[in-house]
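# Structural overview for review
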Amino acid sequence: MRIFLIGFMGSGKSTMGRALASELKLDFIDLDSFLEEKYYKTIPQIFAEEGEDGFRRKERNVLEEVSAFDNIIVATGGGAPCFFDNMDLMNNSGFCIFLDVDKESLINRLIHAKIDRPLIKGKTLEELEGFIEGMMEKRRPFYEKARYILKGKEIRIDQVVSLLKANQ
Ligand code: S3P
């Protein structure tokens, strides 16, 4: 079993991933933390030193690495599905779930969590709203390649567990 949780920043991938991993007795991997540990650098540091391109290359490398692990749930970074053929890689090696959380919930979560996210750092509420709208429009076609899409304000763990059990 190999599950990938994808979706916009603030959609709750890591929280959901941790809860699911303990429920399903799988190992949890937060792709961003895995990347930071592998390269001994924080994400803001990588963006500052190597730009977004450098970050995306590293992100692809770690995604390839974890795609070979077994019995894992991976919470990916919000942009991971949208670069290279990362969606194909995830769909071909595991079960991909898009957590499609509405814009208001994303704003509420992200307004308090901008510091460690270089793409939204320093944005005002209005700028953040515009950014989410524009970026979601570009990213949605990639996210929608996921095998399953769960929509909602809050996506509950039991929804994901039933989905997985029904598709075993
Ligand atoms: C990014 C999302 C972040 C992190 C990086 C870029 C993005 O992960 O990978 O800051 O492009 O949406 P989260 O989705 O966990 O915030």
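Preceding this paragraph is the structure being described.
These remarks concern the structure in this document. Every residue gets a number counted from 1 within its own chain, in the order that chain's sequence is written. Confidence filtering applies because this is a predicted model: local features only for residues at pLDDT of at least 70, side-chain atom pairs given and counted only at 80 or more, and all residues used for totals across whole chains, interfaces and linings. Excluded from the side-chain calculation are hydrogens and water; included are all heavy atoms of the structure.

## Concerning unusual backbone geometry
A negative phi holds for most residues other than glycine; trans holds for most peptide bonds. Notably, N71 is not glycine yet its phi reads approximately 55°, a positive angle. The secondary structure listing takes helices from DSSP runs of H or I that are at least 4 residues long and strands from runs of E that are at least 2 residues long, numbered from the N terminus. Relative to the helices and strands, N71 resides in the loop between α3 (43–66) and β3 (72–75). Positive phi outside glycine occurs at F84, with the angle close to 50°. Of note, F84 is situated in the loop between β3 and α4 (86–93). Throughout this description, buried means an accessible area under 20% of the type-specific maximum (1.4 Å probe, protein chains only), exposed means over 50%, and partly exposed covers the range between. When its relative accessible area of 52% is taken as the criterion, F84 is described as exposed.

## What about the site of the ligand?
Around the ligand sit 13 residues, and of these K13, R56, G78, R117 and R139 come closest. Between the ligand and the protein, one listed contact pairs an oxygen atom with a backbone N or O atom of G79 at 3.3 Å. Polar contacts here mean pairs of N or O atoms no more than 3.5 Å apart (in protein, one a potential hydrogen donor and the other a potential acceptor; neighbouring residues in sequence count only if both atoms are side-chain atoms). Taking R117, its side chain carries an N or O atom lying 2.6 Å from an oxygen atom of the ligand. For accessible areas, the Shrake-Rupley method is used with a probe of radius 1.4 Å. Any residue's cover is judged against the shown protein chains and nothing else. Protein contact buries 94% of the 380 Å² of open area that the ligand shows by itself. Distances are taken per atom, and a residue is near a molecule or strand as soon as one of its heavy atoms is within 4 Å of it.

## Looking at the packing of helix α1 (residues 13–24) against helix α7 (residues 157–166)
For the pair α1 and α7, the least separation of the axes is 10 Å and the interaxial angle reads 55°. Here α1 is positioned oblique relative to α7, judged by the angle of their axes. Viewed along their axes, α1 and α7 form a crossing whose handedness is right-handed. Contacts from M16, A19, L20, E23 and L24 of α1 reach α7 at I157, V160, V161 and L164. In this description, a line fitted to the C-alpha atoms serves as the axis of each element, helices being fitted only across the stretch in contact, and the angle between N-to-C directions of two axes falls anywhere from 0 to 180 degrees. Roughly parallel means an angle under 35 degrees; roughly antiparallel means over 145; roughly perpendicular covers 65 to 115; every other angle is labelled oblique. We call a crossing left-handed when the near helix sits turned anticlockwise from the far one by less than a right angle, and right-handed when that turn is clockwise. Residue contacts are counted whenever heavy atoms from the two residues lie within 4.5 Å of one another.

## Some words on the pattern of salt bridges
Here a salt bridge means any side-chain nitrogen of Lys or Arg lying within 4 Å of a carboxyl oxygen belonging to Asp or Glu. This model, assessed by the stated rule, comprises 15 salt bridges. In this structure, K58 and E50 form a salt bridge, with 2.8 Å as the shortest nitrogen-oxygen distance. On the basis of relative accessible area, K58 is assigned to the buried category, the value being 14%. On the accessibility criterion, E50 (29% relative accessible area) is partly exposed.

## Remarks on the side chain of D30
Residue placement: D30 occurs in strand β2 (residues 27–30). Counted as positive: Lys and Arg. Counted as negative: Asp and Glu. His and the chain ends are not counted at all. No salt bridge is formed by the buried D30; the nearest opposite charge belongs to R18, separated by 4.6 Å. Within the structure, D30 has its side chain in polar contact with the backbone nitrogen of S33 (distance 3.0 Å). Aside from chain neighbours lying at most four places away, what touches D30 is S14 and A75.

## So, the pairing of strand β4 (residues 95–101)
Here β4 lies mainly inside the structure; seven of its seven residues are buried. Where burial is concerned, the two faces of β4 agree: the one with F95, I97, L99 and V101 and the one with C96, F98 and D100 are both buried. For two strands to be treated as a pair, DSSP must find at least two bridges joining them. Judged from the four bridges that link them, strand β1 (residues 2–6) and β4 form a sheet pairing that is parallel. From the neighbouring strand, L5 faces β4, where its bridge partner is I97. As judged from the five bridges shared by β4 and strand β5 (residues 148–152), these two strands associate in the parallel manner. Counterpart to I97 in the pairing with β5 is Y148.

In short, geometric facts, not functional conclusions.
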